[in-house]
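# An overview of the molecular structure
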Amino acid sequence: MRTGNDCFKLKRKVLGTPASPFCIYGAGIVATGLYTAMKSLYRKTPLFFLVSDPAEGKQDENPPEIDGIPVKRLSDWRQELRTQDFPLYYLVAAPETHHAAITASLHTLQIEDSRIVLFTGELENRFLEAYYGSRPDCRTVERLLEDGGKRAQAPGIYPEVFQAKCHVDRPLQNPVQAPLYVVPIQVGAALTEQIVSGLRDDTGENISCKNRNYCELTAAYYAWKNSDAAYKGLCHYRRIFDITDEQMRSLLVIPEEWDVILPYPSVHYPNISAQHLRYIKEADWKAMLRALEETAPDYDRAYRQMVENGEQHFFNFNMLIAKAEVFDDYCDFLFSVLSRAEELTTPEGRERADRFAGYMGENLTTLYFQKNKDKLKIVYAGKRWLT
């Protein structure tokens, strides 16, 4: 496993001693990914998960426990600290945009910086690479390129990985130069006169006007209907694949080794049902299941079997890079189900603006690639969180 300064710090402090009691600050997909990797690779588990108190008037969406380990609110732990002084280390496993606020909260508990380890996006990628790279049923981009060695670059072939950008996006504080294979596209362009990208999703055959419900998936629809690239994909203004142009060129000369690149799966406890319970209204979920049963009954059966078998791995963010034939077949399945689900929701999708289709899309993306994993060569890669 590659180690940067943060990774070395974490291994030295928490993993390098027989007994270093620690907790994980967070209970979302970053936290469960760290927990799963540490448990599998190092046989280390936290005393508990720690979460911020919900905002006033907001419902606490955090689970009471994760894999049998309690989830504690910050206010409750503040009371417990009066009688004990554990854990020794606090591993902050949340999106980096929250790190400063979480660190400030820990300071109010008199927790020194030397006891706080920030789980950065880079560190997350390194741990997930080590975890998934150690599993015989998984393949990662880094492992694939290591095994394949250096080869000549593929001439004249480059993917179009569309990066969804919107006029309502918050400005990035630390903008970076995206790889050349990333193609910015303005999503929801039909809904505004503002221009944030030269390429817009309201040209050609499109569903740009549905962006408030479909989110980045209006870019996927545009790519499906209008791009003739041999490889197509989707990412976000804040999340791109951790794949350099040089790595991409190397991947393109070994097309026989992969069909699709997906972000490392997130891990959900007790199973992937936890994701839709948190983000999708129950009435909408039932509408999607009915749409799935009507339009793709074999996928409906596959989903029910996945839940019954306790499937925990989930593909968040609607991100992928795939051969055109795979991308187009995936989109044909995805938009057929979503179109019917729109008709079945109350109120109907066209009367709403709550991103429900985008959340459904993550579940359908997971379903499509989990069902077809035996006939597709799936490779995992890290993602870069842009801040």
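You'll find the structure just up there.
The text that follows walks through the structure, step by step, so that each part is easy to find. Note that the structure is predicted; figures quoted are calculated from it, not measured. (Residues numbered from 1 in each chain as written. Predicted model: local features only at pLDDT ≥ 70, side-chain atom pairs only at ≥ 80, totals over all residues. Heavy atoms only, no water.)

## Some points on the pattern of salt bridges
Evaluated as defined, the whole model comprises 24 salt bridges. Taking the shortest distance from any N to any O, the salt bridge between Lys-323 and Asp-259 comes out at 3.2 Å. Of the two residues, Lys-323 sits in strand E14 (residues 320-323) while Asp-259 sits in the loop between helix H9 (245-252) and strand E11 (260-263), which places them 64 residues apart along the sequence. Asp-259 matches Lys-323 in its accessibility class, with the two residues each being buried. (Salt bridge = Lys/Arg side-chain N within 4 Å of Asp/Glu carboxyl O. Helix = DSSP H or I, 4+ residues; strand = E, 2+ residues; numbered from the N terminus. Buried < 20%, exposed > 50% of the residue type's maximum accessible area, 1.4 Å probe, protein only.)

## Observations regarding the nonpolar core
Ile-24, Leu-292, Leu-320, Phe-333, Phe-335 and Phe-369 are the most contacted members of the largest nonpolar core, which totals 84 residues. By residue number, the principal contributor to this core is helix H13 (residues 324-344), which donates eleven residues. In this view, Leu-292 contacts Pro-297, Tyr-299, Asp-300, Tyr-303, Phe-333, Val-337, Leu-364 and Leu-367; residues no more than four positions away in its chain are not counted. With 24 residues, the next largest nonpolar core counts Val-161, Ile-240, Ile-254 and Ala-381 among its residues. (Core = buried A, V, L, I, M, F, W, Y, C linked by side-chain atoms within 4.5 Å. Contact = heavy atoms within 4.5 Å.)

## A look at the pairing of strand E15 (residues 378-381)
Of the two faces of E15, the one holding Ile-378 and Tyr-380 and the one holding Val-379 and Ala-381 are both buried throughout. Judged from the four bridges that link them, E11 and E15 form a sheet pairing that is parallel. The residue bridging Val-260 from the neighbouring strand is Ile-378, located in E15. (Pairing = 2+ DSSP bridges.)

## Some details on the pairing of strand E4 (residues 69-73)
In this sheet, E4 lies alongside strand E2 (residues 49-51) in parallel orientation, the contact comprising three bridges. Residue pairing across strands places Phe-49 opposite Val-71, the latter belonging to E4. Relative to E4, strand E3 (residues 65-66) runs antiparallel, the two sharing two bridges. The partner of Glu-65 across the bridge, within E4, is Pro-70.

## Side note on the packing of aromatic side chains
One pass over the structure, following the stated rule, counts 25 aromatic pairs. Measuring from centroid to centroid gives 5.8 Å for Phe-119 and Phe-127, while their planes differ by 70 degrees, and the two rings are edge-to-face. Phe-127 matches Phe-119 in its accessibility class, with the two residues each being buried. Of the aromatic side chains, those joined through ring pairs into one cluster are Tyr-299, Phe-327, Tyr-330, Phe-333, Tyr-368 and Phe-369. The lysine or arginine in question, Lys-72, covers the ring of Phe-48, its NZ or CZ lying 4.6 Å from the ring centre. Over the face of the ring belonging to Trp-224 we find Lys-225, whose NZ or CZ atom lies 3.9 Å from the ring centre. (Phe/Tyr/Trp six-rings, centres within 6.5 Å; stacked < 30°, edge-to-face > 60°. Lys NZ or Arg CZ within 6 Å of the ring centre and 35° of its normal.)

## Topic: the environment of Glu-256
Mapping Glu-256 onto the fold places it in the loop between H9 and E11. Judged by relative accessible area, which is 40%, Glu-256 ranks as partly exposed. Sequence spacing of Glu-256 and Asn-318 is 62 residues, and the spatial spacing of their C-alpha atoms is 24 Å.

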